[in-house]
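Below are the chains, spelled out letter by letter.
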Amino acid sequence: MSAEAAVKIVSEHSPEEISRVTEWINTEEYKEKNFAREALVVNPAHACQPLGAQMVATGFAGALPFIHGSQGCASYFRSTFSRHFREPAAATCDAMTEDGAVFGGQNNLFKGLENAYALYKPKMIPVFTTCMPEVIGDDLTAFIKNAKLQGHLPEEVPTPYANTPSFNGSHIHGYDSMMRSILQTLTEGQKVEGKCTGKLNLIPGFDGNTGNLREYKRILGLFGIPYTMMADISEVFDTVCDGTYRLYPGGTKMEDAAESINGKVTISLQKYSTTTTMKWIEEEYSGEKLTMPMPFGIKKTDEFLMKLSELFGKPVPEKLKEERGLAVDALTDAHQYLHGKKFALAGDPDYLIGLVSFLLEMGAIPYHILCSRTTKKFEKEMKALLATSPFGAQGKVYINKDLWHMRSLLVTDPVDGIIGDTHAKWAARDARIPLFRIGFPIIDRVNLHRTPVVGYNGAVNILTMIANKFLDIKDETCENQWFEMMR
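Residues numbered from 1 in each chain as written. Predicted model: local features only at pLDDT ≥ 70, side-chain atom pairs only at ≥ 80, totals over all residues. Heavy atoms only, no water.

**Student:** Would you take a moment to explain helix 10 (residues 171-187) for this structure?
**Tutor:** Helical geometry note: an α-helix holds 3.6 residues per turn, so side chains three or four residues apart project in the same direction. Counted at 1.5 Å a residue, the expected span for helix 10 with its 17 residues is 24 Å, and the 24 Å between its end C-alpha atoms agrees. Of all the 17 residues making up helix 10, 13 are buried; the element is thus mostly covered by neighbouring parts of the structure. (Helix = DSSP H or I, 4+ residues; strand = E, 2+ residues; numbered from the N terminus. Expected span 1.5 Å × (residues − 1). Buried < 20%, exposed > 50% of the residue type's maximum accessible area, 1.4 Å probe, protein only.)

In structure tokens, the structure reads:
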């Protein structure tokens, strides 16, 4: 086949026209048209609900996530996790096709559950949906009940389920729905009046950083506080390589999750990814229940540790006091490299609140703050946070916008850097600014998911990454007479 026959040119443009449009999309005129968009979404800074549901399902020991939908959808979720964590992402699906779209997916679900249990012997099969079964109105309640009545799945196998349509909400809403369903299923009949396990139930929320989860567990270990983390993906998506394949390498033990309803304290560290879960916990769980911001930076970490000390009657460990002093010293030593710098940020609402809080502590300016699927409540909370510091006075919040909107902002109203996940790299490249990769997914760099960004150590890690990149740029771009040994 000739080169001419291999490529079908739909339309041709002259080099002059290409150059004209390239320049035009960097103008205020184009930005105005770009922000007038209503239906089209270009490069959103979020994933879909089922992906969040799979993260929760993966975080319980012996659980096999089950996707009621097509193989293509299942492959997307699994590949996204595998690319981010560089680990296998075990899950199965019932491979709905055109027949299922017309006649419903009950038979697919029957066969899928039967085969999944026969082959992999999971202790729990959390089921969640994709677009196809949601559009046609598949009834998961009836389907799963019928599957057990007809012998496709043993009655005793816990089968929590969540409706997670990809066309609505985002990954944090799928996380929320699946978490609530799993806890409802495992804690049913387990509540005992007057019983207290003395434990902390910690819900980290949708967090693709296994280093963060390990940092939480290290902090609780230093306090001597017994805990159950739900859902704990730290060993599932960051496991050892010793020649042995582990289908179920870690996760929250189901018996611990079942007992969580009798816990002493339940804390969620992400308000926006656990909204309905915490509302249900408020009604059903024993003990104290509260939602706190992620412990980014010094102030938020102080608040987290002081609250733990208050709730469990334990002093803040000397080791953590030492880490605080070291972090304050490190931030003081290097604050000048961030002070006065303007930043754009894109990501999940809870992450954005934490990162903006950290930047304000450093005297940096959170300038463009974009959350691509959220509510007016988040916008109000972010504006209130910006108002707490003179460095937040210039900050602008953009909700339900995407990264193509962000590109227009970056090229017409420049900043010094952008914080976000891998999807922001195109906007960063066009604006010729560095991208500081914090969030999910990060699929073009390695091991960032192992480096905590919460706690005192996390504050030092963020500072080090940002400051050293700015110093690298200085060395790479300065004229010879300004190329110095010391920065």
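**Student:** It is not clear to me how the nonpolar core should be interpreted in this structure. Could you clarify?
**Tutor:** Among soluble globular proteins, nonpolar side chains are generally buried collectively. Among the nonpolar cores identified, the biggest contains 103 residues, and Phe60, Ile267, Phe343 and Met382 are the most heavily contacted of them. Looking at which element gives the most residues to this core, the answer is helix 16 (residues 349-361), with eight residues. Not counting the four nearest positions on each side in its chain, Ile267 is found in contact with Leu200, Asn201, Leu202, Ile203, Leu290, Met292, Leu308 and Leu311. If you look at the next biggest cluster of nonpolar residues, it comprises 19 residues, including Leu370, Tyr398, Leu409 and Leu435. (Core = buried A, V, L, I, M, F, W, Y, C linked by side-chain atoms within 4.5 Å. Contact = heavy atoms within 4.5 Å.)

**Student:** What's the story with the side chain of Asp238 in this structure? I'm lost.
**Tutor:** Residue placement: Asp238 occurs in the loop between strand 6 (227-229) and helix 12 (254-259). Among the polar contacts listed, one links the side chain of Asp238 to the side chain of Arg214, at a separation of 2.5 Å. Engagement of the side chain of Asp238 in a polar contact is seen with the side chain of Arg450, the distance being 2.8 Å. (Polar contact = N/O pair within 3.5 Å; in protein donor to acceptor, adjacent residues only side chain to side chain.)

**Student:** It is not clear to me how the pairing of strand 5 (residues 200-203) should be interpreted in this structure. Could you clarify?
**Tutor:** Within a regular strand, the side chains alternate between the two sheet faces. Side chains Leu200 and Leu202 project from strand 5 onto one buried face, and the interleaved Asn201 and Ile203 project onto a second face that is buried too. Where strand 5 meets strand 6, three bridges bridge the pair, whose relative direction is parallel. Each residue of the ladder has a partner; that of Leu200, found in strand 6, is Tyr227. Handedness of the β-α-β unit built from strand 5, helix 11 (residues 210-223) and strand 6 comes out right-handed. Bridge count for strand 5 against strand 7 (residues 265-268) is four bridges, and the pairing is parallel. The partner of Ile203 across the bridge, within strand 7, is Ser268. (Pairing = 2+ DSSP bridges. Right-handed = clockwise from strand over helix to strand, strands pointing away.)

**Student:** Just checking my understanding: could you explain the sheet that holds strand 11 (residues 396-399) for this structure?
**Tutor:** Hydrogen bonds along the backbone pair up the strands of a sheet, which may run parallel or antiparallel. In space, the five strands of this open sheet follow the order 11-10-9-12-13, with parallel pairing throughout. Single-partner strands in this sheet number two, and they are strand 11 and strand 13 (435-437). Across this sheet, the average inter-strand angle for adjacent strands is 20°, counted without regard to direction. Direction of pairing for strand 10 (residues 365-371) relative to strand 11: parallel, over a ladder of four bridges. Of the residues in strand 11, the one forming a bridge with Ile369 is Val397. (Axes fitted to C-alpha atoms, helices over the stretch in contact; angles between N-to-C directions.)

**Student:** So what exactly am I meant to see when it comes to the sheet that holds strand 6 here?
**Tutor:** The four strands are arranged 6-5-7-8 in an open sheet whose pairing can be described as parallel. In this open sheet, the two strands that pair with only one neighbour each are strand 6 and strand 8 (288-291). Taken over all neighbouring pairs, the strand axes of this sheet differ in orientation by 15° on average, direction set aside. Strand contacts of helix 13 (residues 275-284): strand 5, strand 7 and strand 8, with the helix running at about 160° to strand 8, the strand carrying the most contacts.

**Student:** What exactly am I supposed to notice about unusual backbone geometry here?
**Tutor:** Glycine aside, a negative phi is what most residues show, and trans is what most peptide bonds show. Omega for the peptide link from Met230 to Ala231 comes to -5°, which places this bond in the cis form. Relative to the helices and strands, Ala231 resides in the loop between strand 6 and helix 12. Between Phe440 and the following residue, Pro441, the backbone shows a cis peptide bond with an omega angle of -5°. Relative to the elements of secondary structure, Pro441 occurs in the loop between strand 13 and helix 20 (455-477). We note that Lys121 has phi near 45°; this positive angle belongs to a residue other than glycine. Phi at Asn447 is positive, roughly 70°, even though this residue is not glycine. By secondary structure assignment, the location of Asn447 is in the loop between strand 13 and helix 20.

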